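The residues making up each chain are set out below.
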Amino acid sequence: MQLRLREHRNSFLEKHLSGETMDYRQIMALFLPILIDQSFIIGLNLVNTAMISSSGVAAVSAVNMVDALNIFLINVFVAVATGGTVVVAQYKGNGNDRMVSRAAAGTVTSVTLLSLAIGLLIIGFHNPILQVLFGSASPDVLDSARTYLLGSSISFVGLAVVQAVCAALRGIGRTRASLALSLIMNLLYVLLNIVFITLLNMGVIGMTVAVNIARFVGAICALYYLFRIDASLHLRIRDLVHFPLSMLRKIMFIGLPFAAEQMFFNGGKLLTQVFIVSLGTYAIATNAISGSLAMVFQIPAVALSLTVVTVVGQCIGRGHIEDARKFIKSFLWLGSILLAAIALILMPMFKLLVGLFDPPAEIVDDIFLILLINSIIQVPLWPISFILPSALRAAGDSKFTSITSMLTMWLFRVVLGYVLGITLGLGILGVWLAMNCEWGVRGAIFLWRFRGKKWYEHKLI
């Protein structure tokens, strides 16, 4: 019986996740480390949010507000790192090892310099930024937010180095090494938070110290791996300084439109955060906890959206368009199946999960309603809204995906979020329903694009 089930499973995987470019074993070898990595990252973020919740509603509100800004900023240089992943993956598929190394070097250098510029800019203008975005928050929330924002900005360079190295490693399929580096940084972050927040009761200051130590230790480990352990990229320290501008242009061809998309996209999310701040501290906490739990439900789908970049990038590099199309379809179906399965498993555990945050009793029912609606709607809409554009971008179709995401974000999520949440008085629920509507519009446009030919006609390498 077990043998028959194993044969049936292998036959299914062979049919849907194997092609001329790679087979299901290679795809699973890429996917599983990324899945574990995302599980740890999101799970550890959940633990961190739960720990800072012990310092009070003001602390968790401040961290959530600043993290909304941090995500906006971090995703700018992570977008450039994604451009590096695409270029590395396509050169890997093309079999050009020398250009793979140059693309990896260009990724690390450009992402690090960009993160340094962003960090210095935020440190220099932190007071006006906080006043404009969160000026209506209570004084204790604002003071904690200032501390966390300054500390986070200092840590950007450390995080950027880790992200860039991991992006290059994912491009060549070294997802286990990427997983190891990510685990070092994130596990250290949690351990330090236990010491500084739980044991020493340092609150937001403790979290700030922890994030800096963890990210810079992670950066040191990433660079050591790149220069001393890795045997495939053959990088030297001087390669980070001497890389051709033509390579930088290739990385930026993907990275800059995606970075612009992330700025507008997360800028819209940041603006909705401003709506939420005006609704009060409880509303901020409801949004923070709902967002943290929603990310847990999306872990496998997020892992698929990262894996598809390497898979499609290598298919396009080898010129196998039909393989790319087949794998994209399979990833979309698999994303919906995994989202449904995770929701069925975790929704009955809601009280246990929400208990990690020790929320005020007044907001528990609101959190449950938001999470239930979101879990249902994301099954058909999340894959076409997030996995599909990752695949199109891996084929070089960066401008279309970025412009589409920017327009739908501002026309639907921001405007509709204000109408539903503030004008019509639906509060946090209205903001989340607007987000779900935006997924549907954006996903429909990407499906239309995928049915045509233009998405794979770009010549990147």
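Residues numbered from 1 in each chain as written. Predicted model: local features only at pLDDT ≥ 70, side-chain atom pairs only at ≥ 80, totals over all residues. Heavy atoms only, no water.

On to the pattern of salt bridges. Pairs may arise between side chains of opposite charge once their charged atoms sit close together. Applying the stated criterion to the full structure yields 3 salt bridges. A salt bridge links glutamate 438 to arginine 413, with the shortest nitrogen-to-oxygen separation between them at 3.0 Å. Here arginine 413 lies in helix H15 (residues 398-423) and glutamate 438 lies in helix H16 (residues 428-451), a separation of 25 residues in the sequence. The same class applies to glutamate 438 and to arginine 413, which are both buried. Because the salt bridges share partners, they merge into one network encompassing Arg413, Glu438 and Arg442. (Salt bridge = Lys/Arg side-chain N within 4 Å of Asp/Glu carboxyl O. Helix = DSSP H or I, 4+ residues; strand = E, 2+ residues; numbered from the N terminus. Buried < 20%, exposed > 50% of the residue type's maximum accessible area, 1.4 Å probe, protein only.)

Take helix H10 (residues 281-297) next. Taking 1.5 Å of rise per residue, the 17 residues of H10 would be expected to cover 24 Å, and the 25 Å separating its terminal C-alpha atoms lies within 8% of that figure. For H10, the tally of buried residues reaches 13 of 17 residues, placing the bulk of the element in the interior. (Expected span 1.5 Å × (residues − 1).)

The relative placement of two packed helices comes down to the angle between their axes together with the axis-to-axis distance. Their axes nearest at 8 Å, the elements helix H11 (residues 299-317) and helix H14 (residues 361-394) cross at an angle of 25 degrees. As judged from the angle between their axes, H11 and H14 are roughly parallel. By crossing handedness, the relation of H11 to H14 is classed as right-handed. The residues of H14 that touch H11, namely those facing Ala301, Val302, Leu304, Ser305, Val308, Val309, Val312 and Gly313, are Trp382, Phe386, Ile387, Ser390, Ala391 and Ala394. (Axes fitted to C-alpha atoms, helices over the stretch in contact; angles between N-to-C directions. Parallel < 35°, antiparallel > 145°, perpendicular 65-115°, else oblique. Left-handed = near helix turned anticlockwise from the far one by under 90°. Contact = heavy atoms within 4.5 Å.)

So, on to the packing of aromatic side chains. All told, the structure shown has 7 aromatic pairs when counted by the stated rule. With a centroid separation of 4.7 Å and an interplanar angle of 25 degrees, the aromatic rings of tryptophan 382 and phenylalanine 386 are classed as stacked. Here tryptophan 382 and its partner phenylalanine 386 are both found in helix H14, 4 residues apart, which amounts to about one turn of the helix. Taking relative accessible area as the criterion, phenylalanine 386 reaches 22% and is therefore assigned partly exposed. Every member of this aromatic cluster is reached through a ring pair, and the members are Trp382, Phe386 and Trp439. In this structure, arginine 325 is placed above the aromatic ring of phenylalanine 450, and the distance from its NZ or CZ to the ring centre is 5.4 Å. Sitting over the ring of phenylalanine 400, arginine 449 keeps its end group 4.1 Å from the ring centre. (Phe/Tyr/Trp six-rings, centres within 6.5 Å; stacked < 30°, edge-to-face > 60°. Lys NZ or Arg CZ within 6 Å of the ring centre and 35° of its normal.)

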